[in-house]
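# Results of the structural survey
Each chain is listed here by its residues.
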Amino acid sequence: MTTTSPPDLVEDGSRASAPETVPAAVPRVLAGARRASARFRGEERRELRYLLSVVVATILSWLTAALPLALRRPVIDLLSQLWWRSAPTYRDNVRANLEQVLRASDRPADEATIEAAARGVFRLSAHNFADLLRLPRIRRSEVVRTVRLADGDWAMLDEALAKGRGVVILTAHLGAFEFVGHGLSARGYALTSLTGRTTSRFIFDAVTYLRGSHGLKLVEASPGGVRRVIHALRRGECVAFLGDYDFFQNGIALDFFGQETTLPPGPIRIARDTGAVVLGVFARRTADGYALSLRDPFTVERSRDLDADVERGMRCAVAILERAIAEAPEQWVMFQRVWPSAPVDPVRVFPV
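Residues numbered from 1 in each chain as written. Predicted model: local features only at pLDDT ≥ 70, side-chain atom pairs only at ≥ 80, totals over all residues. Heavy atoms only, no water.

A word on the overall build of the protein chain. For the protein chain, the count of helices and strands is 12 helices and 9 strands. Carbon and sulfur atoms form 55% of the exposed surface of the protein chain, whose accessible area is close to 18,200 Å². (Helix = DSSP H or I, 4+ residues; strand = E, 2+ residues; numbered from the N terminus. Areas by Shrake-Rupley, 256 points an atom, 1.4 Å probe, with all protein chains shown as cover.)

Here it is in structure tokens:
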């Protein structure tokens, strides 16, 4: 994914004409200079904001990497506890999500178990963010060494790619999910990841910059971003989607862990239209790194009934997501409420 488009690129990637610039040494009166238009001043402000977010991310990256491991871990644990205490909405959301998963999986779901698992989610997420900050300072060889394959076989991915129609990587906010893309990219697989902005633009730009530090391509969820994703699949590459939460609240209603909610149909619809293979890939945090799981490749049937095709594909996707999350619910770092207690309005309508 690309973190942001350069100022001379329009949304679909085509090059727009750049505004004429006047050398600094030329007097304004001789150059016939005028005051910049409001649009140009806005572009300058956006560019400055992006540069500032990158500078802040770079400084934090150096500071995090400079901390010795023996000091970094307790500092992160302390920060995660402060976050736990200061974020009551996220606490409630995580508890509600975990309770639903544990009950549907026939696992103990008493208050003490849910509380311990929820605190663990906050702690794991804090360590995920610290690893993301360190990512630009980590060598590619270290990514390969620390992200090991624990379930499945690389042949599953190679065989899917050999069909020439690309692979839709279906994943979830599970464990160190950021390292799904980096683990594949570090092994030479061309991968693009579609991401949606759920924070301020300043934070989103900083995080996207960090995510793309090892050549991972990122595109934002927009019509132009979807076109780039489809082009990547047509080139026979991989494209990654997070499928366990409907960020725009306009997805398909279905049963997920025994209760109805909505999930995004985009990955399945794109796989249907392109003929790409869908492959579940999930990353868990382990004591000495990260473990990847590759599982359950399938293709989405393409008949004359679009809705029926997408519905069948979504049922396959839900089964993959449920299995992965149920195996490690304490690593499901989902801070939004997956099963809302009241109806929610769509964030925006975004047709595939």
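Tallied over the entire structure, the rule returns 11 aromatic pairs. Judged by centre distance (5.1 Å) and plane angle (90°), the rings of F122 and F335 are edge-to-face. Here F122 is found in helix 5 (residues 111-134), whereas its partner F335 is found in the segment after helix 12 (306-327), with 213 residues between them in sequence. Side by side, F122 and F335 carry an identical accessibility label, which is buried. When the centroid spacing of 6.4 Å and the interplanar angle of 80° are considered together, the rings of F257 and W339 count as edge-to-face. You can see F257 sitting in the loop between strand 6 (252-256) and strand 7 (259-263) and its partner W339 sitting in the segment after helix 12, a full 82 residues away along the chain. With respect to burial, F257 and W339 carry one shared label: buried. Ring-pair connections join several aromatic residues into one group, and the members of that group are W83, W84, Y90, F122 and F335. Directly above the aromatic system of W84 lies the positively charged group of R91, at a separation of 5.8 Å from the ring centroid. (Phe/Tyr/Trp six-rings, centres within 6.5 Å; stacked < 30°, edge-to-face > 60°. Buried < 20%, exposed > 50% of the residue type's maximum accessible area, 1.4 Å probe, protein only. Lys NZ or Arg CZ within 6 Å of the ring centre and 35° of its normal.)

Next up on the list: the pairing of strand 2 (residues 167-171). Burial runs high along strand 2: 5 of the 5 residues are buried. The alternating pattern of strand 2 places V167, I169 and T171 and V168 and L170 on opposite faces, both of which are buried. Where strand 2 and strand 5 (residues 238-242) come together, 5 bridges link them in parallel fashion. When the bridges of strand 5 are listed, V167 appears paired with C238. Direction of pairing for strand 2 relative to strand 8 (residues 277-286): parallel, over a ladder of 4 bridges. Residue L170 lies in a different strand from strand 8, and its bridge partner there is G280. (Pairing = 2+ DSSP bridges.)

The next subject is the confidence of the model for the protein chain. On average, the protein chain scores 84 in pLDDT, and the residues at 70 or more come to 84%. Scored below 50 in pLDDT, residues 1-37 shows 43 contacts in the model against residues more than four places distant or in partner chains. Scored below 50 in pLDDT, residues 39-43 makes 3 contacts in the model with residues more than four places away or belonging to other chains. (pLDDT = per-residue confidence, 0-100. Contact = heavy atoms within 4.5 Å.)

For helix 3 (residues 69-86), which comprises 18 residues, the first-to-last C-alpha distance of 26 Å matches the rise-based estimate of 26 Å (1.5 Å per residue) to within 8%. Burial in helix 3 covers these residues: R72, I76, S80 and W84. The arc that holds the buried residues of helix 3, viewed along the axis, is 110°, so those residues lie on one side. Exposed side chains of helix 3 directed beyond 90 degrees from the buried face belong to A70, L78, R85 and S86. (Expected span 1.5 Å × (residues − 1). Arc of directions from axis to C-beta.)

Quick look at the sheet that holds strand 2 now. Note on sheets: strands pair through backbone hydrogen bonds, and any given pair is parallel or antiparallel. Taken together, 7 strands build an open sheet; the order of strands is 1-9-8-2-5-3-4 and the sheet is mixed. The open sheet is flanked by strand 1 (147-151) and strand 4 (217-220), the only strands paired with a single partner. Sheet twist, expressed as the average angle between the axes of neighbouring strands with direction ignored, equals 30°. Judged from the 4 bridges that link them, strand 3 (residues 191-195) and strand 4 form a sheet pairing that is parallel. Following the sheet pairing, T192 is matched in strand 4 by K217. Packing against the sheet, helix 9 (residues 201-211) makes contact with strand 3 and strand 4, and its axis sits at approximately 155° to strand 4. The strands touched by helix 12 are strand 1, strand 2, strand 8 and strand 9 (289-298); relative to strand 9, the strand with the most contacts, the crossing angle is about 155°. (Axes fitted to C-alpha atoms, helices over the stretch in contact; angles between N-to-C directions.)

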